[in-house]
Amino acid sequence: MEHITLLLAIVIATALVFDFTNGFHDTANAMATTISTGALKPKTAVAMSAVLNLVGAFLSVEVAKTISGGLINEEGIRTEVIFAALVGAILWNLLTWLLGLPSSSSHALFGGLIGATLMSVGASGVNGGVVVTKILIPALAAPLVAGVAALLATRLTFRLGRHTDDKATAKGYRAGQIASAGLVSLAHGTNDAQKTMGVITLALVTGGVLAPGANPPLWVIVSAGVAIALGTYLGGWRIIRTMGTGLTDLRPQQGFAAQTSAATVILASSHLGFSLSTTQSCSGAVMGAGLGRKGGVVRWSTATRMFVAWGLTLPAAGLVAAGAEFLTGQGTWGVTVVAVLLVASSGAIWYASRRKPVDHTNVTETGAGTAGTDAGTTGVPEPAGVVTTAVAAVAPPPVAGTAQDLSATIQAPAGPAGEPARTASV
């Protein structure tokens, strides 16, 4: 580490900041359903997730090698390119967190790397084959595979438990949820912490500290694991609300099925070196679990906003990173300007989030006001529940002459002399 320059140190620190935002942005992947079904208290859930994220960071380096030696051609890449890529990824993470949207931190990072590299050296700096086979194809396949698996698993669990007591099975599945949530957290650390390891390793290669193709040093693995664990412990409460109550209404059986399906997909992809999005896998599993229960529906308004965010992540982060790379290419003053803009923008987003705060005390609330808004930020009342929505979709209009509403107006007795009669609603 004695050969690390000031610029390289700044890039490493920025990479760890991204890892930190990745942690609190993606806490919902592991713990949203566990919190929403009451299997664990919010603070307990995020503490457990943080510890297992740290453990998972030490299990593999395959995804890190995909990023540091596969996605980008290391030759000709300057350290400033990595810095610009991280700026694009961090700002997109913070913006989607503010909006309560579970977008992909992974794709934000990939988009930033691709955009900054294209601005710096052109298309020759990006390995198109790796982008297609290890990023785009898994991005399309992962939510579908996890969703179908969760749907089938949900139907199976309800079918197997159709003759058992609901309260007794709910207790068992809550225990299963805790175990499966731990598995998702472990998988998240294995997959997502490695992305930051790969970026830091790539920066060390571009700075001449490591040889091309080198594995992440131990201090990189430890620092990336600690950063993502700290971010996870803070808890991305806005996104937890969207994942836990904004997409669908989940019972413990569904939460268990969703988490188990997502963890299986994530761990399998990590073993193969596929750098897929844990957010997309977990979101797909939650939607599949929602559809797997008889009468269950997905709130497609929330899902549509989420899909749009998924589609925008790569190009949006890439455009910001390309602009940042253009400035850093101007010299030291350009790097300074980008750093100042990053700090100022991050501060502005944090300040905006304080206007309607969401934390562990109100993350599961669905009433009126801030606690009951869709995703906690839009001010739009939370959509009707699953049963209400399903019944409203098939119920015929009321017959003429019958009650038109659940309330009836009854004429109240006249008040004191001179006071007109009042009405009372039931």
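Residues numbered from 1 in each chain as written. Predicted model: local features only at pLDDT ≥ 70, side-chain atom pairs only at ≥ 80, totals over all residues. Heavy atoms only, no water.

**A closer look at the overall build of the protein**
Reasoning step 1: Summing up its helical and strand segments, the protein has 14 helices and two strands in all.
Reasoning step 2: Burial statistics for the protein: of 426 residues in total, 52% are counted as buried.
Reasoning step 3: At a minimum sequence separation of 6, the contacts of the protein that also span at least 24 residues come to 83%.
Reasoning step 4: When the accessible area of the protein is evaluated, it comes to approximately 18100 Å², of which 69% is carbon and sulfur surface. (Helix = DSSP H or I, 4+ residues; strand = E, 2+ residues; numbered from the N terminus. Buried < 20%, exposed > 50% of the residue type's maximum accessible area, 1.4 Å probe, protein only. Contact = heavy atoms within 4.5 Å. Areas by Shrake-Rupley, 256 points an atom, 1.4 Å probe, with all protein chains shown as cover.)

**Here we look at the side chain of S185**
Reasoning step 1: Its place among the elements puts S185 in helix α7 (residues 166-206).
Reasoning step 2: Not counting the four nearest positions on each side in its chain, S185 is found in contact with A30, M31, S49, L52 and N53.

**Some thoughts on the pattern of salt bridges**
Reasoning step 1: For the coordinates displayed, the defined rule picks out two salt bridges.
Reasoning step 2: The partner of E80 in a salt bridge is R78, and the shortest N-O contact between them spans 3.2 Å.
Reasoning step 3: Using a relative accessible area of 18% as the deciding quantity, one classes E80 as buried.
Reasoning step 4: Here E325 and R78 are joined by a salt bridge, their closest N and O atoms 2.3 Å apart. Of this pair, E325 sits in helix α12 (residues 300-328) while R78 sits in the loop between α3 (62-71) and α4 (79-99), and the two are 247 residues apart along the sequence.
Reasoning step 5: Residue E325 is classed as buried on the basis of its relative accessible area of 3%.
Reasoning step 6: R78 gets classed as partly exposed once you look at its relative accessible area, which sits at 31%.
Reasoning step 7: One salt-bridge network, held together by shared partners, links R78, E80 and E325. (Salt bridge = Lys/Arg side-chain N within 4 Å of Asp/Glu carboxyl O.)

**A closer look at the environment of I200**
Reasoning step 1: Take I200: it is sitting in helix α7.
Reasoning step 2: For I200, a relative accessible area of 0% translates into the label buried.

**Some details on the packing of α4 against helix α13 (residues 332-353)**
Reasoning step 1: The contact between α4 and α13 brings their axes to 10 Å, and the two run at 10°. Taken together, α4 and α13 sit at an angle that is classed as roughly parallel. On the side of α4, the interface is formed by E80, F83, V87, I90, L91, L94, L95, W97 and L98, while α13 contributes V335, V338, A339, L342, S345, S346, I349, A352 and S353.
Reasoning step 2: The class makeup of the residues in the contact of α4 with α13 is 14 nonpolar, three polar and one charged. (Axes fitted to C-alpha atoms, helices over the stretch in contact; angles between N-to-C directions. Parallel < 35°, antiparallel > 145°, perpendicular 65-115°, else oblique. Nonpolar A, V, L, I, M, F, W, Y, C, P; charged D, E, K, R; others polar.)

**Structural notes on the packing of α4 against helix α5 (residues 105-121)**
Reasoning step 1: Direction vectors running N to C along α4 and α5 enclose 140°, while the axes themselves pass 8 Å from each other. On the basis of their axis angle, the class for α4 and α5 is oblique. Here the hand of the crossing between α4 and α5 comes out right-handed. Residue-level inspection shows V81, I82, A84, A85, L86, A89, W92 and N93 of α4 in contact with α5, the latter providing S105, A108, L109, G112, L113, A116, T117 and S120. (Left-handed = near helix turned anticlockwise from the far one by under 90°.)

**Description of the environment of F307**
Reasoning step 1: On the secondary structure map, F307 appears in helix α12.
Reasoning step 2: Taking the C-alpha atoms as reference, F307 lies 9.5 Å from L101; in sequence the two are 206 residues apart.
Reasoning step 3: Apart from the residues lying within four places of it in its own chain, the contact partners of F307 are M287 and W300.

**Considerations on α12**
A turn of α-helix holds 3.6 residues, and therefore any two residues three or four places apart point the same way.
Reasoning step 1: Taking 1.5 Å of rise per residue, the 29 residues of α12 would be expected to cover 42 Å, and the 41 Å separating its terminal C-alpha atoms lies within 8% of that figure.
Reasoning step 2: Of all bends in α12, the biggest is about 45°, found at T313, and the proline P315 comes one to four residues later. (Expected span 1.5 Å × (residues − 1). Bend = angle between axes of the 7 residues up to and from the residue.)

**So, a nonpolar patch on the surface**
Reasoning step 1: Judged by side-chain polarity, L54, F58, L218, V222, V226 and L230 come together as a nonpolar surface patch covering roughly 510 Å² of accessible area.
Reasoning step 2: For the nonpolar patch, the element with the highest residue contribution is helix α8 (residues 218-234), accounting for four residues.
Reasoning step 3: Along the chain, V226 turns up in helix α8.
Reasoning step 4: Residue classification places V226 among the partly exposed residues on the basis of a relative accessible area of 36%. (Patch = residues over 30% accessible without salt bridge, like charges linked within 9 Å, V, L, I, M, F, W, Y side chains within 5 Å.)

**Examining the nonpolar core**
Soluble globular proteins tend to bury their nonpolar side chains together.
Reasoning step 1: Of all hydrophobic cores here, the largest spans 87 residues; its most connected members are I82, L86 and L113.
Reasoning step 2: Sort the elements by how many residues they give to this core and α4 lands first, with 14 residues. (Core = buried A, V, L, I, M, F, W, Y, C linked by side-chain atoms within 4.5 Å.)

**Notes on the confidence of the model for the protein**
Reasoning step 1: Looking at the protein, the pLDDT average stands at 77 and 79% of residues meet or exceed 70.
Reasoning step 2: For the protein, per-element mean pLDDT is lowest for helix α14 (residues 386-394), which scores 38, and highest for α13, which scores 93.
Reasoning step 3: Here residues 367-412 is a poorly scored stretch, pLDDT under 50, and it has 77 contacts once near neighbours within four places are set aside; other chains count.
Reasoning step 4: Taken together, the stretch residues 421-426 has pLDDT below 50 and engages in 17 contacts with residues farther than four places along the chain or on a different chain. (pLDDT = per-residue confidence, 0-100.)

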